[in-house]
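Here is what each chain is made of, one letter per residue.
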Amino acid sequence: MLRHHFQSYLDGVRREGRYRIFADLERDAARPPYARWRDGSNCRDVVVWCSNDYLGMGRHPLVIDAMVKTAQRTGTGAGGTRNISGNSHAVITLEAELADLHRKDAALVFSSGYVANEAALGTIGRLLPDCLILSDERNHASMIAGIRASGADKQIFRHNDLDHLETMLRHAGHFRPKVIAFESLYSMDGDIAPISRICDLAEKFGAITYLDEVHAVGLYGARGAGIAERDGVMDRVDVIEGTLAKGFGVVGGYIAADAVICDTIRSAAPSFIFTTAMPPAVAAAATQSVVHLKKSIAVRIAHWLQVDKTRRALRNAGIPMMSLESHIIPVPVGDPDLCREASTLLMEKFGLYLQPINYPTVPRGTERLRITPTPFHNDQMIEDLANALCEVWDTLGLRFEAINRAPMLHPHSFITGASQYSHRYAGANPL
Ligand SMILES: *Cc1c(COP(=O)(O)O)cnc(C)c1O
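Once a new chain begins, its residue numbering starts again from 1 and follows that chain's sequence as written. With pLDDT at 70 or above as the cut-off, local features in this predicted model cover only qualifying residues; side-chain atom pairs require 80 or more to be listed or tallied, and sums for whole chains, interfaces and linings still use all residues. Excluding hydrogens and water, the side-chain values take into account all heavy atoms of the structure.

A. Spotlight on the overall build of the protein chain. A tally of regular secondary structure across the protein chain gives 17 helices and 16 strands. For the C-alpha atoms alone, the extent of the protein chain along its principal axes is close to 55 × 55 × 55 Å. Exposed residues in this analysis have more than 50% of their type's maximum accessible area, buried residues have under 20%, and partly exposed residues fall in between, with area computed by a 1.4 Å probe over protein chains only. Across the 431 residues of the protein chain, 54% fall into the buried class. Taking all contacts inside the protein chain whose residues are at least 6 apart in sequence as the whole, residues at least 24 apart take part in 71%. Computed by Shrake-Rupley with a 1.4 Å probe, the accessible areas treat only the displayed protein chains as cover when residues are assessed. Element-wise, carbon and sulfur atoms account for 54% of the exposed surface of the protein chain, whose accessible area totals about 18700 Å². Averaging the locations of the 46 positively and 48 negatively charged side chains of the protein chain gives two centres separated by 2 Å. Secondary structure is summarised from DSSP: a helix means a run of H or I of at least four residues, a strand means a run of E of at least two, and numbering begins at the N terminus for each. Working rule for contacts: check all heavy atoms of both residues, and any pair within 4.5 Å makes them a contact. Asp and Glu are treated as the negative residues and Lys and Arg as the positive ones, with His and the ends of the chain left uncounted. We put the charge of a Lys on NZ, of an Arg on CZ, of an Asp on CG and of a Glu on CD.

See below:
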């Protein structure tokens, strides 16, 4: 038997302290952000602090209702691939809604955001003759998979480093087809790409821009279309890729782009063609979520107020934070065992769920906790989190930050763009 090969792989992962244990959780739709946690024969409520359902849309009554009613009307599954069973009407509606969200000609829906990146980058890179893909070094695994699958040449530029990107573009020459693949919001570091300046370079050197807005859709911009909308550059990005699973709280992925690009990927990508379509009930729920967030800036503001309060509480407690540019609050630990211990203590002693983030999700030595407040985390929960982190930091001998009393940016600036507010904070340290 070859079983020992697998066993020795797992032993290695365990030795490195990065063997992953997934908690047994059941989210409580009636009482967000609580979930029931089962640990052996014990069962208790915990506060979830690391969900990517950033706005709690996964439990929104309108979204749940759309899913339930559509399932009752049309059944649970799609009944086949789109090639075999056609388009369900709910998916057509969803694609129209997404194209409108991003102000593009068309949109195309996939089983997940991972598949969307893999299919879109794979097809674009394969069909453009002699294509060169320029990829940010922190790009998500799904983009890397797409670039690999395309067989195109790839060059990796240093994270958000425009000089490095420009050197590569210049070196490739004006006539070679080029794609710049990057994210708007890097979810493990919580930092944001200079989209406008990347578009400047793309225009100057004749490149296509491919932007993953997975962690920003629903959350940023006046209608929740993402950072490109917030920054007023959505029309300058050629392909926008997003997920329906994070801010929108359902599941599925998509691209929004020129109709010819969408039609090409529809016609050529195996991971679009050879897999069963999204169930109509899922599409209807996602549509409801997108429609709701287009008009409800109140959800985004409620979210930002709690993000802001959380950051202030952690700062006052001296808990280190890696970035304050986005709604994601990464807290560095820097060691896989301590990171797991911190997570275990938070769960077992304080009933707070914060999954440790280890290699290969982040580089070794940069292990961290990643805090994502939602509009449902109330002020008491935020205070409890700060106190619990202090105790855990003390217990494990982790490094505290010197307490910083400089003013912080107004939370609204994160949704609507800093420029409107920057005059008020001119010269202030953004920390
Ligand atoms: C989560 C994620 C994806 C994949 O989206 P899913 O819908 O979860 O498959 C793609 N890109 C980035 C940057 C992500 O973090």
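B. Geometry of the side chain of Arg370. If you trace the backbone, Arg370 turns up in strand S16 (residues 368–371). Salt bridges are identified by distance alone: a Lys or Arg side-chain nitrogen within 4 Å of an Asp or Glu carboxyl oxygen. No salt bridge forms around the buried Arg370; measuring N to O, its nearest opposite-charge neighbour Asp189 is 9.0 Å away. A distance of 3.2 Å separates the side chain of Arg370 from the side chain of Asn52, its partner in a polar contact. A polar contact is formed between the side chain of Arg370 and the backbone oxygen of Ser187, at a distance of 2.8 Å. The definition of a polar contact used here is a pair of N or O atoms within 3.5 Å, where within protein one atom must be able to donate a hydrogen and the other to accept one, and adjacent residues in sequence count solely through side-chain atom pairs.

C. Structural view of the site of the ligand. Lining the immediate environment of the ligand, one finds 13 residues, of which Gly113, Asp212, His215, Thr243 and Lys246 sit closest. Here Asp212 contributes a side-chain N or O atom positioned 2.7 Å from a nitrogen atom of the ligand. Within the contact set of the ligand, an oxygen atom lies 2.9 Å away from a side-chain nitrogen or oxygen of Lys246. Burial of the ligand by the protein chains amounts to 85% of its free accessible area of 380 Å². Ranked by the residues each element gives to the shell around the ligand, the list is headed by helix H5 (residues 113–127), at three residues. When at least one non-hydrogen atom of a residue lies within 4 Å of a molecule or strand, that residue is treated as near it.

D. Expanded view of the sheet that holds strand S2 (residues 34–39). By this definition, two strands are paired if DSSP reports at least two bridges between them. Taken in spatial order, the four strands line up as S1-S2-S3-S14 in an open sheet, and their pairing is mixed. Single-partner strands in this sheet number two, and they are strand S1 (24–27) and strand S14 (352–353). Of the strand pairs in this sheet, strand S3 (residues 42–48) and S14 are connected by two bridges, and their pairing is parallel. Paired with Val47 across the two strands is Leu352, which belongs to S14. Against the sheet, helix H14 (residues 336–350) touches S1, S2, S3 and S14, its axis set at about 115° to S3. Here an axis means a line fitted to C-alpha atoms, over the contact stretch when the element is a helix, while the angle between two N-to-C directions is reported on a 0 to 180 degree scale.

E. Here's a closer look at the environment of Val291. Inspection of the secondary structure puts Val291 in helix H12 (residues 280–295). Measuring from C-alpha to C-alpha, the distance between Val291 and Gly224 comes to 9.8 Å, with 67 residues separating the pair along the chain.

F. Inspection of the pattern of salt bridges at higher detail. By the definition in use, this model includes 30 salt bridges. One salt bridge connects Arg36 with Glu26, and the closest N-O pair in it is separated by 3.9 Å. With Arg36 in strand S2 and Glu26 in strand S1, the pair connects residues that are ten residues apart, well separated along the chain. Between Arg399 and Glu401 there is a salt bridge whose closest N-O contact spans 3.0 Å. When its relative accessible area of 34% is taken as the criterion, Glu401 is described as partly exposed. Shared partners join several salt bridges into a network, and the residues in it are Glu26, Asp28, Arg31, Arg36, Arg38 and Asp45.

G. Inspection of the pairing of S16 at higher detail. Residues Arg368 and Arg370 line one face of S16 and the alternating positions Leu369 and Ile371 line the opposite face, and both faces are buried. One ladder, built from two bridges, connects strand S15 (residues 356–357) with S16; its direction is antiparallel. Opposite Ile357, over in S16, you have Arg368 as the bridge partner.

H. Layout of the environment of Thr76. With respect to the helices and strands, Thr76 occurs in the loop between helix H2 (61–74) and helix H3 (82–85). Given a relative accessible area of 68%, Thr76 falls into the exposed group. Along the chain, Thr76 and Ser112 lie 36 residues apart, while their C-alpha atoms are 18 Å from each other.

I. Spotlight on the sheet that holds strand S10 (residues 207–212). The seven strands lie next to each other as S4-S12-S11-S10-S7-S5-S6, forming an open sheet whose pairing is mixed. Strands with a single pairing partner mark the edges of an open sheet, and in this sheet they are strand S4 (106–110) and strand S6 (153–157). With strand direction ignored, the average angle separating the axes of adjacent strands in the sheet is 20°. Pairing analysis gives five bridges linking S4 to strand S12 (residues 253–257), with the strands arranged antiparallel. From the neighbouring strand, Ala107 faces S12, where its bridge partner is Ala256. Against the sheet, helix H10 (residues 259–268) touches S4, strand S11 (239–243) and S12, its axis set at about 25° to S4.

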